[in-house]
Amino acid sequence: MTPAADVDRAAIQAAADRLLPGTPLRSTGELTVVQLAAEAGDRRRLLTHKHRDLAEHFQARARFLAGDPPPVAALKKKISELEEANAQLRAVEAEQRELTDFYAHVINELSVELDRVTAERDQLLGNVRSISLVPRRGPLRTSPTR
């Protein structure tokens, strides 16, 4: 092999060693040949034509890891947790919206009832005349103090 090929192979191997544990420097971190080429700083053609053995070895190691590197798996877990929290918040919000609608209905009914009772009271009080008290003359006497 030529020294240039050895340098390319070393760069690809180093890129694979960074991608598999989830510590990419130049790529998205996905375990694909395209991202391996991006991580190595090479064109994909080098992996698919010239160094196919390295690409196949990388794919085998990626399959052994069962998919995602640790940072991607952590992000997917976080997304799942956030989606669950979002669903719970939406349920609470829907419940509170129903409760608010119920309270608005009750307030409306009470307002109508208050208007009816106030009108009835005003009608009844319209027939009432005030009675004035006769003013008293002089101080009130209680029992003799002597």
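Up top is the structure these notes are about.
Residues numbered from 1 in each chain as written. Predicted model: local features only at pLDDT ≥ 70, side-chain atom pairs only at ≥ 80, totals over all residues. Heavy atoms only, no water.

S.K.: Which residues make up the packing of aromatic side chains, and what values do they have?
M.R.: Counting across every chain of the model gives 1 aromatic pair. Here the aromatic rings of Phe102 and Tyr103 are separated by 6.1 Å at their centres, their planes lie at 50°, and the arrangement is tilted. (Phe/Tyr/Trp six-rings, centres within 6.5 Å; stacked < 30°, edge-to-face > 60°.)

S.K.: Give me the lowdown on the nonpolar core, citing residues and values where you can.
M.R.: Of all hydrophobic cores here, the largest spans 15 residues; its most connected members are Ile12, Leu19, Leu20, Leu31, Leu36, Leu47 and Phe58. Each residue touching Leu47, except ones within four places of it in the same chain, is listed here: Ile12, Val33, Leu36, Ala37, Arg52 and Ala55. (Core = buried A, V, L, I, M, F, W, Y, C linked by side-chain atoms within 4.5 Å. Buried < 20%, exposed > 50% of the residue type's maximum accessible area, 1.4 Å probe, protein only. Contact = heavy atoms within 4.5 Å.)

S.K.: Please provide a residue-by-residue account of the side chain of Arg18, values included.
M.R.: By secondary structure assignment, the location of Arg18 is in helix H1 (residues 3–19). Arg18 gets classed as buried once you look at its relative accessible area, which sits at 19%. (Helix = DSSP H or I, 4+ residues; strand = E, 2+ residues; numbered from the N terminus.)

S.K.: Go over the environment of Pro21, please, and point to the residues and values.
M.R.: Topologically, Pro21 is positioned in the loop between H1 and helix H2 (33–40). The exposure class assigned to Pro21 is partly exposed, which follows from its relative accessible area of 43%. In the structure, Pro21 is positioned 41 residues away from Ala62 in sequence and 9.8 Å away in space, judged by C-alpha atoms. Leaving out residues up to four positions away in the same chain, Pro21 has contacts with Ala16, Pro70 and Pro71.

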